[in-house]
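# Inside the fold
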Amino acid sequence: MLKMNYSKITNKNGFTLIELMIAMLIGMIVVAATITIYVITIKGSSDTMKSAQLNQDLGIAATIMTNDIRRAGYWGGAIVGADLTTNPFSDIQIYDFDGETDACIVYTYDENGDAILDANEYYGFRGNSNSIELKQSGSTTADCTGVWVDMIDSNVINVSPIRFTLTSVCAGTTLPCALASGATGVELRNIDISIDGFVSSDSSINTQISSLLKVRNNRVFTQP
């Protein structure tokens, strides 16, 4: 009797349409999550860089202002035996400007050491139109007018506001100078600089810089 061998037939089924659609959906979710994480990481890095740049630029501006204002009142005529009450560089004035309170400071110092207050020895800083400006050398006014130049790029960083606060006490006391008429006093002066700034393209990235300085040259005066 003839025997015949029949091979086993195995049915091999592929993925169904629903399974393929589910796999595609899962793949799309994974890709979308990966892209989202990438975008968040890039934005976070960008924000960190902008914040670092903001703090660096405003910190440099505050340092420049602090170092220069400390020189206020320097007088080449302050020699042994000189009448210090006649120092023409003693005055420091703070003004409102650009709609902001105490946003401008003007002072003088004897840059060339000739003991004479020259027309180009008025210096200052002010907040103006979201920028920080310095009084250009050669400005001959003791107020917030004259020629000023930008210290920062307001297209990148905005400053609003900047404020200068002057506090003073009489030497040897913690009280303001309130002397009898004709009496001579020594005024110790401190100035606080406060700057609020933000990135021009994203106001949510902001910071505040503060600097407290002591004016090195005390004001000696005779009470009227």
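A brief report on the enclosed structure follows. Remember, predicted model here, so these are calculated numbers, not experimental data. (Residues numbered from 1 in each chain as written. Predicted model: local features only at pLDDT ≥ 70, side-chain atom pairs only at ≥ 80, totals over all residues. Heavy atoms only, no water.)

## Concerning the overall build of the protein
Put simply, the test is: Secondary structure counts use DSSP, requiring at least four H or I residues in a row for a helix and at least two E residues in a row for a strand, with both numbered from the N terminus. Think of it in three bands: with a 1.4 Å probe and only protein chains considered, a residue is buried below 20% of the maximum accessible area for its type, exposed above 50%, and partly exposed in between. Any two residues whose heavy atoms approach within 4.5 Å are treated as being in contact. We count Lys and Arg on the positive side and Asp and Glu on the negative side, and we leave His and both chain ends out. Every charge is mapped onto a representative atom, which is NZ of Lys, CZ of Arg, CG of Asp or CD of Glu.
Check the secondary structure of the protein and you find one helix and nine strands. Tracing the protein from N to C terminus, the helices and strands come up as α-β-β-β-β-β-β-β-β-β. Burial statistics for the protein: of 224 residues in total, 29% are counted as buried. Taking the intrachain contacts of the protein between residues at least 6 apart in sequence as the baseline, contacts between residues at least 24 apart amount to 57%. Within the protein, the 23 negative side-chain charges are centred at a point lying 20 Å from the centre of the 14 positive side-chain charges.

## Considerations on the pattern of salt bridges
Selection criterion: Salt bridge criterion: a side-chain nitrogen from Lys or Arg within 4 Å of a carboxyl oxygen from Asp or Glu.
Enumeration according to the criterion identifies two salt bridges in this entry. The residue E133 makes a salt bridge to R126 at a minimum N-O spacing of 2.6 Å. Take E133 and R126: they sit in the same class, and that class is buried. A salt bridge links R219 to E187, with the nearest nitrogen and oxygen atoms 2.9 Å apart. Placement of R219 in strand β9 (residues 219-222) and of E187 in strand β7 (residues 184-199) is noted, with a sequence separation of 32 residues between them.

## Details of the sheet that holds strand β3 (residues 122-128)
Let me state the cut-off plainly: When DSSP locates at least two bridges between a pair of strands, those strands are taken to pair. Comment: axis = line fitted to C-alpha atoms, over the contacting stretch for helices; angle = value between 0 and 180 degrees taken between N-to-C directions.
The strand order β1-β2-β3-β4-β5 describes an open sheet built from five strands, whose pairing is antiparallel. Each edge of the sheet is formed by a strand with only one pairing partner; in this case those strands are β1 (92-97) and β5 (148-150). With strand direction ignored, the average angle separating the axes of adjacent strands in the sheet is 25 degrees. As paired elements, β1 and strand β2 (residues 100-108) share five bridges and run antiparallel to each other. From the neighbouring strand, I92 faces β2, where its bridge partner is Y107.

## Side note on the nonpolar core
Here is the rule: Think of a nonpolar core as a cluster: buried Ala, Val, Leu, Ile, Met, Phe, Trp, Tyr and Cys residues, connected wherever their side-chain atoms sit within 4.5 Å.
Counting 27 residues, the largest nonpolar core has M65, I69, Y107, I132 and I195 as its most contacted members. When contributions to this core are tallied by element, the ones reaching two or more residues are α1 (17-69), β2, β3, β6 (157-170), β7 and β8 (202-214). With six residues, the top contributor of residues to this core is α1.

## Description of the packing of aromatic side chains
We count it as follows: For this analysis, a ring pair means two rings from Phe, Tyr or Trp (six-membered ring only for Trp) whose centres lie within 6.5 Å, classed as stacked if their planes differ by under 30 degrees, edge-to-face if by over 60, and tilted for the remaining angles.
By the definition in use, this model includes four aromatic pairs. Seen from their ring centres, Y107 and Y109 are 6.2 Å apart, and the 25 degrees between their planes marks the pair as stacked. Grouping residues by exposure puts Y107 and Y109 together as buried. Relative to Y123, the ring of Y107 has its centre 6.3 Å away and its plane inclined at 35 degrees; by these criteria the two rings are tilted. Taken together, the residues Y107 in strand β2 and Y123 in strand β3 connect sequence positions 16 residues apart. Classification of Y123 as buried rests on a relative accessible area of 7%. Here a set of aromatic residues connected by ring pairs shows up, and it is made of Y107, Y109, Y123 and F125.

## Details of the state of the cysteines
Heads up, the rule is: Put simply, a disulfide is two cysteine sulfurs that come within 2.5 Å.
Taken as a whole, this structure holds two disulfides when the rule is applied. Here C104 engages in a disulfide with C144; their sulfurs sit 1.9 Å apart. Because the sign of the S-S torsion sets the handedness, a value of about -115 degrees for the bond joining C104 and C144 places this disulfide among the left-handed ones. Pair noted here: C104 is in strand β2 and C144 is in the loop between β4 (131-135) and β5, with a separation of 40 residues, a long-range link. Of the two residues examined, C104 and C144, each falls in the buried class. Through a disulfide, C170 is tied to C177; the S-S separation comes to 2.0 Å. Sign of the S-S torsion, about 140 degrees for the bond between C170 and C177, identifies this disulfide as right-handed. Judged by relative accessible area, which is 8%, C170 ranks as buried. Among the cysteines of the protein that take part in disulfides, numbered as they appear in the sequence, the pairing is 1-2, 3-4.

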